[in-house]
Amino acid sequence: MKSTVESVSPTKVRLIVEVPFEELKPSLDAAYQSIAKQITVPGFRKGKVPPQVIDQRVGRGPVLEEAINDALPKLYSRAVQDNKVKAIGQPEVDVTEFNDKESLQFSAEVEVRPEIVLPDLEGLEAEVEDISVSDDEVTEQIEALRQRFGSLNPVERAVQDKDFITIDLSATKDGEKIEEAQATGLSYQVGSGQLLDGLDEAVTGLNAGESKTFVTQLVGGSLKGEDVDVSVTVTAVKEQELPEFDDEFAQTASEFDTADELTADVKGRLERGKRLEQAGEARDAVLEKILTLVDVPVPEGLLTDELAARKENLEQQLGYSGMTFEQFLESEEQTQDEFDEDLKKRSEDAIKAQFVLDLVAEQQELSVNDQELTEHIVRHAQRSGVSPDQFAQHAVEHNLVPSLVSEVVRGKALAHLVENAKVTDASGNVVELKNLQPDGTYADADADATQAEETPAEEPAKA
């Protein structure tokens, strides 16, 4: 077999393949065997009909067609390997010439990974926002802790904002009761906005035993999104009494002895959380900076698949939340054209990032060990709400393991780029990322180095 490759575009090539007829003999034999099992000829057992008889009864044409269908995928794969083509997606194959007992000639156009030239990325500079924890943020966290230890006391007065009330709800449409929209004894905090639009305004000022009717839209059921009349009756009113924030409270609500120590811990936790957010911003900033420095053509077919996958994912999320696409656009303050343009830009950037990170991983000879792959599977399982064993079984059954391995490798490639970049905050301070731990603390660099020397690396996972 002879094959050559020619460039069609930066992301597509055409393979020209010529195959001597003798090399098709295994596929011809397989075609005769397959057809022999499908036909019945008097005097011959099923599956034992000779080729000459098949030619007479069925014809040579169907045999050659089946042989070609069997041979083309193998011949194409061989041509890809021989020419070291980095193919992605399915090829468009065209048989240009084939006659019985003559050579087969075909071409195959397929999208390929673009050739990328990376600049020197050592010392790449990027900037992120400063870390700042305000007094209001600390106060908000402390208030949430006080509310957890607060008590609810009945009051004999009209409902006010932040009160905890017990209510009965009854919805009607054109005077007829909606059976699925009836509820009694519901607990609700005024101002939380967790039930129905207009409920807070309706109950404010009511005393226990009083009712009011308001117009709103149901968030579920057969009349979802339609205007209905809702009658709300307040049956109980309670206000929350919060404990004083003092040393005694700190000892009750935490492991600390004083309120000052608890406040310092709350502020420290907020700072660690913002440090992790800053690390995420640093990764995005470094990757975004690299994409501005590297020319990465995007294969059209791959972009089409990425757009379709993202749209399908969005539709599923909107379905779960009960939101229409029009409502989503309104919440994002986007038009359809703006949404499409933004989605295309994000899809292109995601594909470009994958190509860049794959090349970095190849240059740095990055691999994945069993522990890293297992931890990645556990994280996926947690996000999916299933057990790690269930997710792992699903990944194996659907051949997702190679994709999971690629995700880990790309993550390591990005971490390598970020750790070797110079990231500063808006104030000009260098952001230390190399020893940042998943909990927002910094590891002891010397201890990590000692442990790395004493602990042998695991074998790469086979996937």
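No experiment lies behind these values; they were computed from the predicted model shown.

**Topic: the side chain of S107**
Mapped onto the elements, S107 comes out in strand β4 (residues 104-112). Using a relative accessible area of 12% as the deciding quantity, one classes S107 as buried. Setting aside anything within four residues of it in sequence, one finds S107 in contact with R14, L15, I16, E92, V93, D94 and T96.

**Quick look at the pairing of strand β10 (residues 227-241)**
Note: strand β6 (residues 151-154) against β10, four bridges, orientation antiparallel. Note that in β10 the partner of L152 across the bridge is Q240. Alignment of strand β9 (residues 211-217) against β10, held across seven bridges, turns out to be antiparallel. Of the residues in β10, the one forming a bridge with K212 is V232.

**Some words on the pattern of salt bridges**
Within the structure shown, the criterion is met by 18 salt bridges. Two residues, E306 and R310, come together in a salt bridge whose shortest N-O distance is 2.8 Å. With E306 and R310 both in helix α8 (residues 300-321) and four residues apart, this pair spans about one turn of that helix. Judged by its relative accessible area of 27%, R310 is partly exposed. Shared partners join several salt bridges into a network, and the residues in it are E6, R14 and E109.

**Concerning the domain arrangement of the protein**
Segmenting the protein into domains produces domain 1 (2-111), domain 2 (152-241) and domain 3 (259-425). Computed over C-alpha atoms, the centres of domain 1 and domain 2 are 71 Å apart.

**Focus: unusual backbone geometry**
Within the chain, K101 stands out as a residue other than glycine whose phi angle is a positive 70 degrees. With respect to the element layout, K101 can be found in the loop between β3 (87-97) and β4. Positive phi, normally seen in glycine, also occurs at E333, with a value near 55 degrees. Among the secondary structure elements, E333 is positioned in the loop between α9 (325-332) and α10 (336-364). Residue class for E333 comes out exposed when judged on its relative accessible area of 71%.

Cut-off values and rules
Residues numbered from 1 in each chain as written. Predicted model: local features only at pLDDT ≥ 70, side-chain atom pairs only at ≥ 80, totals over all residues. Heavy atoms only, no water. Helix = DSSP H or I, 4+ residues; strand = E, 2+ residues; numbered from the N terminus. Buried < 20%, exposed > 50% of the residue type's maximum accessible area, 1.4 Å probe, protein only. Contact = heavy atoms within 4.5 Å. Pairing = 2+ DSSP bridges. Salt bridge = Lys/Arg side-chain N within 4 Å of Asp/Glu carboxyl O. Domains from an automatic or database assignment.

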